[in-house]
Amino acid sequence: MENFFSILGGMGTKATESFIRLINHRIKAKKDQEYLNYVLFNHATVPDRTAYILDRKQESPMPYLLDDIKQQNLLNPNFIVLTCNTAHYFFDELQAATKIPILHMPKEAANELVRQQTTGKVALLGTQGSMKAGIYEKEVRQLGFDVVIPDSQLQAKINHLIYHDIKEADYLNKKLYDEILEEAIQRFNCEKIILGCTELSLMQEYVGEKIYPVIDAQSILADRTIERALQSRSIF
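Residues numbered from 1 in each chain as written. Predicted model: local features only at pLDDT ≥ 70, side-chain atom pairs only at ≥ 80, totals over all residues. Heavy atoms only, no water.

1. Section: the side chain of Thr86
At step 1: Checked against the element boundaries, Thr86 lands in the loop between β3 (80-82) and α4 (91-96).
At step 2: In terms of polar contacts, Thr86 uses its side chain to reach the side chain of Thr127, at 2.9 Å.
At step 3: Not counting chain neighbours up to four residues away, the residues in contact with Thr86 comprise Arg49, Thr50, Ile53, Thr127, Gly129, Ser130 and Ile135. (Helix = DSSP H or I, 4+ residues; strand = E, 2+ residues; numbered from the N terminus. Polar contact = N/O pair within 3.5 Å; in protein donor to acceptor, adjacent residues only side chain to side chain. Contact = heavy atoms within 4.5 Å.)

2. Points about unusual backbone geometry
The bulk of non-glycine residues show a negative phi, and the bulk of peptide bonds are trans.
At step 1: Residue Gly12 is reached from Met11 by a cis peptide bond, and omega for that bond is 5 degrees.
At step 2: Following the sequence through the fold, Gly12 ends up in the loop between β1 (5-9) and α1 (13-26).
At step 3: One non-glycine residue, Asn3, lies in positive phi territory at about 55 degrees.

3. Thoughts on empty space enclosed by the protein
At step 1: Inspection of the entire model under this criterion finds three cavities of 30 Å³ or more.
At step 2: Here the largest cavity defines a volume of roughly 100 Å³.
At step 3: Residue lining of the largest cavity: 15 residues in total, with Arg49, Cys84, Thr86, Thr127 and Glu199 positioned closest to the centre.
At step 4: The greatest single-element share of the lining of the largest cavity, amounting to three residues, is contributed by helix α8 (residues 152-168).
At step 5: Class assignment for the residues of the lining of the largest cavity results in five nonpolar, six polar and four charged.
At step 6: Formed jointly, the lining of the largest cavity draws a minimum of three residues from each of two domains, domain 1 (5-104 + 220-234) and domain 2 (106-217). (1 Å grid on protein atoms, 1.4 Å probe; cavity = no way out; pocket = protein on both sides within 12 Å on 5 of 7 lines; lining within 4 Å. Points joined across faces, edges and corners; volume = space filled by probe spheres on them. Nonpolar A, V, L, I, M, F, W, Y, C, P; charged D, E, K, R; others polar. Domains from an automatic or database assignment.)

4. Points about the packing of aromatic side chains
At step 1: Summed over all chains, the structure comprises four aromatic pairs.
At step 2: On the basis of an interplanar angle of 10 degrees and a centroid distance of 5.0 Å, the ring pair of Phe5 and Phe79 is categorised as stacked. Linking Phe5 in strand β1 with Phe79 in the loop between α3 (62-75) and β3, this pair joins segments that are 74 residues apart in sequence.
At step 3: Take Phe79: its relative accessible area is 1%, and that puts it in the buried class. (Phe/Tyr/Trp six-rings, centres within 6.5 Å; stacked < 30°, edge-to-face > 60°. Buried < 20%, exposed > 50% of the residue type's maximum accessible area, 1.4 Å probe, protein only.)

5. As for the nonpolar core
The tendency in soluble globular proteins is for nonpolar side chains to be buried as a group.
At step 1: Within the largest apolar cluster, 31 residues are counted, with the highest numbers of intra-cluster contacts made by Phe5, Ile23, Val81, Leu124, Tyr136, Val140 and Ile194.
At step 2: The set of elements that each furnish at least two residues to this core consists of β1, α1, α5 (105-115), β5 (122-125), α7 (135-141) and α11 (217-235).
At step 3: The leading source of residues in this core is α11, at six residues.
At step 4: Residues from two domains meet in this core; each of domain 1 (5-104 + 220-234) and domain 2 (106-217) gives at least three. (Core = buried A, V, L, I, M, F, W, Y, C linked by side-chain atoms within 4.5 Å.)

6. A closer look at the pairing of strand β2 (residues 38-42)
Walk down a regular strand and you will see the side chains alternate between the two sheet faces.
At step 1: In this sheet, β2 lies alongside β1 in parallel orientation, the contact comprising five bridges. Within the sheet, the bridge partner assigned to Ile7 lies in β2 and is Leu40.
At step 2: Crossover β1 to β2 through α1 is right-handed. (Pairing = 2+ DSSP bridges. Right-handed = clockwise from strand over helix to strand, strands pointing away.)

7. Notes on the layout of surface pockets
At step 1: Of the voids in this model, the largest pocket is the one considered here, and its volume is about 220 Å³.
At step 2: Contributing to the lining of the largest pocket are His88, Tyr89, Phe91, Asp92, Glu93, His104, Lys107, Ala133, Gly134, Ile135, Lys138 and Glu139.
At step 3: Among the elements of the structure, α4 and α7 are those that each provide at least two residues to the lining of the largest pocket.
At step 4: Along the lines of polarity and charge, the residues of the lining of the largest pocket split into four nonpolar, three polar and five charged.
At step 5: For the lining of the largest pocket, the two domains that each supply at least three residues are domain 1 (5-104 + 220-234) and domain 2 (106-217).

Rendered as structure tokens:
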């Protein structure tokens, strides 16, 4: 297969499935040959990224991710899509291991704030590891936005939704999701909310409503993936 991209996913698998649905539905193909060419690495057994960020005694995901990059180097895709937000903690090391460009989901989400002419405070929602590592905070602050990080009370609700409801129980808890977004808007007085976890993106896909002013990082990544893939198709 020529003229394709690769997806480094499986962290988690349900969220990766959501990403695949987005790019397949948005391409609006009328025949088989109009869909995008891609290879999916659904690496479900990569050790938990947040667990390692919070406690370095836990097994590091890096050897697994670097091995994935090594295998993708052999395939030589046009570009690589990393669908796990928290895994962007390792982005610089992963990009250094390949000449193939890797799309940077937090950067793309932060740039969307500019495109939407955001002026007020921005809430960042994601895993505890992502919050501690400042994966999104760095990208958003350097564009000049006022950032709000969840306090322990709100973060506990986010953790419950991501790990207990979605990952463990395969339960898309709309009531808790709405409560989290409402709290970010009302209690923290935020203009925009960045969904910086693919499980939260999965929730947004399930809800499908635009009641809250969210910037869904995975949705933005899907759009940038399609744009780049179609651009590559036109070049070759």
